[in-house]
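Examination of the molecular architecture
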Amino acid sequence: MSKEPDRLFAQPLPQVPDFAFNEDVVRVFPDMIKRSVPGYPTIVENLGVLAAQFAQPNSVLYDLGSSLGAVTQALRRHVRTDGCRVIAVDNSAAMVERCREYLNGQDSMFQELLPVEVIEGDILALQFQPASVVALNFTLQFIAPDERLALLGRIRQALLPGGALILSEKLRFNDVEEHALLTDLHIAFKRANGYSELEIAQKRSAIENVMKPDSLEEHRERLLAAGFSKVVPWFQCLNFASLIALP
Ligand SMILES: C[S@@+](CC[C@H](N)C(=O)[O-])C[C@H]1O[C@@H](n2cnc3c(N)ncnc32)[C@H](O)[C@@H]1O
Ligand SMILES: O=C(O)C(=O)C[C@]1(C(=O)O)C=C[C@@H](O)C=C1
């Protein structure tokens, strides 16, 4: 994976453009996400461990909003269930191109990995095949809020008995003090990872129009409304959490 450090917001920009998963972001993405999302490496690796518990023989494992395929690689490190295959989907051409290169690299280093297909496409337009694991790792927050319930409903319909959706998201909090505290602590996390005040401020204004986090309560209610029977949070670090939703 690229080791290029994220300096995208280090210089003052006359006008901060809306954040997009373009070529510039692709080049620095592994560094950006690790320094921006507390717990990201733990979430990704354990997503593989969890997936191995839910994977059903001869089924599909989806990585939706796969970016550079970090989750796909973790699924392939941990899932050994017969006949499973991974489908990774992202609508950023730049991400998909680099993701395919990284997965070819994984194929050349390890044997007997699950087969994988990387699709460049919109997850809102996807025809789901019967699936045992669906990962939405920091992707739902970039989907228009009024599309989220329908997408989760389609995922629920595709899930096989014994399977699971694993949903990781940045959270907002209804309690004003809790929201302010965890936001400040997230900024402290970014500072500790070497981001300047300018980088933090410019990234925030780039992202605020395109990423709309929900509260844990909103996630739970929406997942239940989409037909899931049980929602179990398994990880939280500051304002970032991951949930298991059972069909
Ligand atoms: C924060 S990144 C996901 C990180 C990745 N899952 C990981 O764990 O490294 C969000 C990704 O979702 C993709 N995305 C956003 N909206 C999408 C859509 N409607 N269809 C497909 N991909 C989408 C973006 O291109 C981006 O690569
Ligand atoms: O809150 C932030 O500043 C973030 O950077 C979060 C976040 C995410 O949650 O996906 C947003 C965009 C980048 O892709 C990496 C991390």
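Reading guide: rules and limits
- Residues numbered from 1 in each chain as written.
- Chains lettered and ligands numbered in written order.
- Predicted model: local features only at pLDDT ≥ 70, side-chain atom pairs only at ≥ 80, totals over all residues.
- Heavy atoms only, no water.
- UniProt positions renumbered as here; feature names shortened; annotations may be inferred.
- Near = heavy atom within 4 Å.
- Polar contact = N/O pair within 3.5 Å; in protein donor to acceptor, adjacent residues only side chain to side chain.
- Areas by Shrake-Rupley, 256 points an atom, 1.4 Å probe, with all protein chains shown as cover.
- Helix = DSSP H or I, 4+ residues; strand = E, 2+ residues; numbered from the N terminus.
- Nonpolar A, V, L, I, M, F, W, Y, C, P; charged D, E, K, R; others polar.
- Salt bridge = Lys/Arg side-chain N within 4 Å of Asp/Glu carboxyl O.
- Contact = heavy atoms within 4.5 Å.
- Buried < 20%, exposed > 50% of the residue type's maximum accessible area, 1.4 Å probe, protein only.

In the annotation of an unreviewed UniProt entry, the entry for the protein chain reads Carboxy-S-adenosyl-L-methionine synthase, and the organism field reads Pseudomonas synxantha. Of the comments in the UniProt record for the protein chain, the one headed Catalytic activity (unreviewed entry) reads "prephenate + S-adenosyl-L-methionine = carboxy-S-adenosyl-L-methionine + 3-phenylpyruvate + H2O". UniProt annotates the protein chain under Subunit (unreviewed entry) with the comment "Homodimer."

This part covers the site of ligand 1. Every one of the 20 residues lining ligand 1 counts as a neighbour, but Tyr40, Gly65, Ser67, Asp90 and Asn137 are closest to it. Gly65 has a polar backbone atom sitting 2.8 Å from a nitrogen atom of ligand 1. Between a nitrogen atom of ligand 1 and a main-chain N or O atom of Asn91, the distance comes to 3.2 Å. Here ligand 1 loses 95% of its free accessible area of 610 Å² to cover by the protein chains.

Our focus in this paragraph is the site of ligand 2. Neighbouring ligand 2 are 15 residues, the closest being Phe29, Gln141, Lys170, Lys190 and Lys203. At a separation of 2.6 Å, an oxygen atom of ligand 2 approaches a polar side-chain atom of Lys170. Lys190 is positioned with one of its side-chain polar atoms (N or O) 2.4 Å from an oxygen atom of ligand 2. Contact with the protein chains removes 98% of the 360 Å² of surface that ligand 2 exposes when unbound. At the level of elements, helix H1 (23–36), helix H6 (176–192) and helix H7 (197–207) are the ones that each hand at least two residues to the shell around ligand 2. Of the residues assigned to the shell around ligand 2, the class counts are nine nonpolar, three polar and three charged.

To continue, consider the UniProt feature "domain: Methyltransferase" (unreviewed entry) in the protein chain. UniProt tags residues 63–163 as "domain: Methyltransferase" (unreviewed entry). Annotated as residues 63–163, this span is 40% helix and 25% strand, and its ends, taken at the C-alpha atoms, are 14 Å apart.

Considering all chains together, one arrives at 12 salt bridges under this definition. Glu101 is paired through a salt bridge with Arg98; the nearest N and O atoms lie 4.0 Å apart. Taken as a pair, Glu101 and Arg98 lie in helix H4 (residues 93–109) at a separation of three residues, close to a single helical turn. Shared partners join several salt bridges into a network, and the residues in it are Glu4, Asp24 and Arg27.

Let's shift gears to the UniProt feature "binding site: S-adenosyl-L-methionine" (unreviewed entry) in the protein chain. Under the UniProt annotation, "binding site: S-adenosyl-L-methionine" (unreviewed entry) lies at Tyr40, Gly65, Ser66, Ser67, Asp90, Asn91, Asp122, Ile123, Asn137 and Arg204. A maximum C-alpha distance of 25.1 Å is found for the annotated residues, which run over 165 residues; spatially they are spread out rather than grouped. With respect to the helices and strands, Ser66 occurs in the loop between strand E1 (60–64) and helix H3 (70–78). Dropping the residues within four chain positions of it, Ser66 is found in contact with Ala88, Val89 and Asp90. Looking at the secondary structure, you find Asn137 in strand E4 (residues 131–137). You can call Asn137 buried: its relative accessible area is 9%. If sequence neighbours within four positions are ignored, Asn137 has contacts with Tyr40, Ile43, Val44, Leu47, Leu64, Val71 and Ser168.

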